Structures are given as structure tokens and as C-alpha cells.
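Given next are the chains, with one letter for each unit.
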Amino acid sequence: MKKEIGVAVIGLGWMGQVHSRAYLRLFHHYPECPLKPRLVVAADAVEERARETAGLFGFGGWTADWREAVEHPDVEAVSIATPNYLHREIAVAAARAGKHIWLEKPCGRVPAEVYEIARAVEEAGVRSTIGLMYRHVPVVAYARELIASGALGEITHYRGYFLADYAADPNGALTWRYKLEGAGLGVLGDIMPHTVDLAQNLLGPIESVSAQKEIFIKERPEVPEGMGTGHFVVEGGEMGAVENEDYVSCLVRFASGARGTIENSRVCVGPHVRNAFEVNGTEGALSWDFQRLNELELYRFDGSGERGYRTVYASPKMGDFGRFQPGAGISMGYDDLKVTEAYTFLTSIAEERDLAPGMREIVTAMRVVEAMDRSCESGGWETVGQGVPSERRTGA
């Protein structure tokens, strides 16, 4: 019989429910997982949501106070899917209580808060998994293998971009996401960790950056404090200032010698979730877009003299695709990637070793974000890993 591990999920909006489903689905896809999750406590500041989610997913109990979940004697691991401004406090408390943490990015409002969580995790000796889940996409794993094998030759160019429209409507409510105290960074914290992690997962470390930012929608309609954590439209009402960036673009230099560009936006009309990358080498190229999650565009020289991209479909030989689907052309989805993440989390705990992506990977990504933030202020090139992390963006 497998050893059970008691789990709490804190924050039960969409992402917290994705975590809860991932625990329940785990053995459907990873029957060899060394630990069996037992859902002990569902925690959310909204009592009704905590109670309903506990019943829906079969939690042993519920609470409106996250501290009760962290301190519960039967809880050994904690999923944290709350708004950004709660990440540091909950994650540090959980680590100090000896609880392993599965934490959604950006893990805090600014890089300094991420580094504080990392110190707490290291000092406590607990395991961590971070929600950098796009690296688990099977065709992304295959792209990484191709690049590492030298199949594309020397990599020269990289373009990474995450263009979203969730905030494109000027009447989108001015929730915590657009305020320094609630979110800290804007797209630099909310989206850029994914873009940077994908780039470094594929090509290795970014060593220097030159970035710019903009707030395109400078005012949004105010809503009562605590109302809504998602994206919704408010017609009329008093307007308030947006305090963090809608857009960032950046030139990057990789330690390998490759050069690239990175671009993020939350107000880009047209794309919905165009999280994508393109890689060019001296002997080939490839590209991927999350909106076509199971397809990789691959350009390879062959003996025919004809050149051009071809579509390679995800198949059981790529990453963990075979855990979910039997053959190419049958699509995996977003929630499947979170099941893989749950498996990574529990396996790291059972084997007492760090498995990527954990605190090491998010700290590495946030070092790049920190350099981008400095570059936006200085207007010049900044070296990754230099400079002192700043608290200024929280408004503290």
C-alpha cells in the first residue's frame, strides 16, 4: 500500500481547483507515484467557496483561515494558489512549519519576495515545485532534446513572446492585479517568468538584457476591495490608476552566444494566449505556440533540396505524452500539464531531492526579471545577477 501524504490547497479560485483535480487524477496517469495525496483541508478567504470546494473534491475539511491549513497536524504538503500579495507570507510560514510547497508563480510581488521564499525553503529543508508548467509540454521537451543534441546546429537566434488579451478591455476591473500593493510587478511578474523559464530551459542562461515597458491602459474602473480576483468588465464607475506595466519587450544575450528578443503583453488585441517561441540554428529551426499545444514546427535540411517547415505532432515518444494519450494527433490539454506537475511535486518529496521546476528555477528566472526591471529604469543593458533586489515596486 502506498504511503499517504496529507495535502492542503490554499486559494480555491480556478487555479486552486486545477491543483485539486490534479491530485485526484494523479494515479490515472502516474500509477507508480510513490506517494498518495489525501486532501485534508481546503482553504479560501471566501467561506462559501472553501466549503463548496471541500465538498466537490472530497477534502476532509475546510477553513477560511490559511494559517489553520498550514498549521494542521495532518498536512504535510501545501498547494498555494492565492493572489500574489499572499504568496510570500503563506509560503514562508509553510516552509518554516516543515510543509513542502507547490507554489504558483510569480511566488511574490517582486523578485526580493521570491528570494525570501527560496531562503525559507532552503533553511527548512523542504521540497518545492513551482508552476512553470509549460516546460512539461511534450513537444517542448522534444524541442529541448533536439537543441541539446545539436540537430539544429549552433543556435543563433531566439524569439520568445507571451501575448495575451485578458486585460485588453479598458473597462476591465481595477483588481489587485493592477496595483503595486497587490501584485507588485505587472506582466514582468505575471507572465515574464514563464517566458524566461522557457528560454533558459531551451538555451541555457541569459546573461544580460536591455528592456523597455509601458502602461497602455492607464486607468480602469474601481471595484470594492476584495471583490473579484479574476478578469471581469465593469461598466461605468469611478476610474483609478493602473500602477504596473501592461507591456515589456527586451533584447537578450545568452551565455551560449545566442541573441534573442522577449516580449510580453496583457493588452494585445488579437492573440488570446500566444505563449510561443522560435529558435533558429545554423542547421535548422523550430517554433511552438501554446495555442497549438501539441504541434511543433520543425525546419531541417534534407537531401531533397526542398526547404521549409513541417508540423511534428506530439506522440508517446515525447515527454510524458504517453501518460495521457495513445497516439499522435490526440490532443493533451492544460490541466494534463498540472497532473505532471503534481507528480513532480510528490516524487521530489518521496525521493528527497529537488526536481525541476522548483525554487532554483524560479529564482534563476526572477534574476532575469530583476535585471529587466533595472534596465527599464536605467535605459541601458543590465547584467543578470548583479544589483540588489528592490522592494520599491510593492509600494511598501
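Scroll up a little and you will see the structure.
Rules and cut-offs
- Residues numbered from 1 in each chain as written.
- Predicted model: local features only at pLDDT ≥ 70, side-chain atom pairs only at ≥ 80, totals over all residues.
- Heavy atoms only, no water.
- Helix = DSSP H or I, 4+ residues; strand = E, 2+ residues; numbered from the N terminus.
- Rg over C-alpha atoms; globule rule 2.2 N^0.38 Å.
- Buried < 20%, exposed > 50% of the residue type's maximum accessible area, 1.4 Å probe, protein only.
- Contact = heavy atoms within 4.5 Å.
- Core = buried A, V, L, I, M, F, W, Y, C linked by side-chain atoms within 4.5 Å.
- Pairing = 2+ DSSP bridges.
- Axes fitted to C-alpha atoms, helices over the stretch in contact; angles between N-to-C directions.
- Salt bridge = Lys/Arg side-chain N within 4 Å of Asp/Glu carboxyl O.
- Expected span 1.5 Å × (residues − 1).

## What to know about the overall build of the chain
- In terms of regular secondary structure, the chain is built from eleven helices and 17 strands.
- For a compact globule of 396 residues, the expected C-alpha radius of gyration is about 21 Å, and the chain comes in at 21 Å, within 12% of that figure.
- Over its C-alpha atoms, taken along the principal directions, the chain stretches across nearly 65 × 55 × 40 Å.
- Counting only residues that meet the buried cut, the chain has 57% of its 396 residues in that class.
- Of the contacts formed within the chain by residues at least 6 apart in sequence, a portion of 71% connects residues at least 24 apart.

## Comments concerning the nonpolar core
- Ile206, Phe277, Leu286, Trp288 and Met372 are the most contacted members of the largest nonpolar core, which has 118 residues in total.
- Broken down by element, this core gets its largest block of residues, ten residues, from helix α11 (residues 359-378).
- When residues no more than four places from it in sequence are discounted, the contact partners of Met372 are Leu188, Met192, Val196, Val209, Ala211, Cys250 and Ile262.
- Ala167, Leu174, Val242 and Val267 belong to the second-largest nonpolar core, a separate cluster that totals six residues.

## Some words on the sheet that holds strand β6 (residues 128-130)
- Strands sit in the order β3-β2-β1-β4-β5-β6 across an open sheet of six strands; the sheet is parallel. In this open sheet, the two strands that pair with only one neighbour each are β3 (61-63) and β6. Taking the axes of each pair of neighbouring strands and ignoring which way they run, one obtains an average angle of 25 degrees across the sheet.
- Pairing of strand β4 (residues 77-80) with strand β5 (residues 100-103) involves four bridges; the strand directions are parallel.

## Some thoughts on the pattern of salt bridges
- One pass over the full model with this rule turns up 26 salt bridges.
- Where Arg38 meets Glu4, a salt bridge forms, and the shortest distance between an N and an O atom there is 3.2 Å. Of this pair, Arg38 sits in strand β2 (residues 35-43) while Glu4 sits in strand β1 (residues 3-10); the two residues are 34 residues apart in sequence, bridging distant segments of the chain.
- Residue Glu4 is classed as partly exposed on the basis of its relative accessible area, which comes to 38%.
- The salt bridge involving Glu32 is made with Arg323; its shortest N-O contact spans 2.7 Å. With a gap of 291 residues between them, Glu32 in the loop between α1 (14-29) and β2 and Arg323 in the loop between β16 (310-313) and α10 (334-351) connect regions that are remote in the sequence.

## Brief notes about unusual backbone geometry
- Here the amide bond leading from Lys105 into Pro106 is cis, since omega sits at 15 degrees, within 30 degrees of zero.
- Here Pro106 lies in the loop between β5 and α5 (111-124).
- A cis amide bond, omega 5 degrees, links Ala356 with the succeeding residue Pro357.
- Checked against the element boundaries, Pro357 lands in the loop between α10 and α11.
- Positive phi, normally seen in glycine, also occurs at Cys107, with a value near 65 degrees.

## Overview of the environment of Val233
- Residue placement: Val233 occurs in the loop between β9 (219-221) and β10 (239-241).
- Remark: the alpha-carbon pair of Val233 and Arg220, spanning 13 residues in sequence, is separated by 9.6 Å.
- Beyond its immediate chain neighbours, meaning those up to four positions away, Val233 contacts Asp169, Asn171 and Gly172.

## As for the environment of Ser331
- For Ser331, the location among the structural elements is in the loop between β16 and α10.
- The spatial distance from the C-alpha of Ser331 to the C-alpha of Glu32 is 23 Å, given a sequence separation of 299 residues.
- With residues near it in sequence (within four places) discarded, Ser331 still touches Asn294 and Gln325.

## Let's talk about the pairing of strand β7 (residues 155-164)
- Counting buried residues in β7 gives seven out of ten residues, a clear majority hidden from the surface.
- Here β7 runs beside strand β13 (residues 273-281); their pairing, made up of nine bridges, is antiparallel. Within β13, the position partnered with Leu163 by the bridge is Arg274.

## With respect to helix α4 (residues 84-96)
- Under the 1.5 Å per step criterion, the end-to-end length of α4 is 19 Å for 13 residues, consistent within 8% with the ideal 18 Å.
- Listing the buried residues of α4 in full gives Asn84, His87, Ile90, Ala91, Val92, Ala94 and Ala95.
- Residues of α4 that are buried sit in contact with β1, α3 (66-71), β4, β5, α5 and α7 (180-183).
- Backbone geometry just downstream of α4 places Gly98 in the positive-phi region, at approximately 80 degrees.

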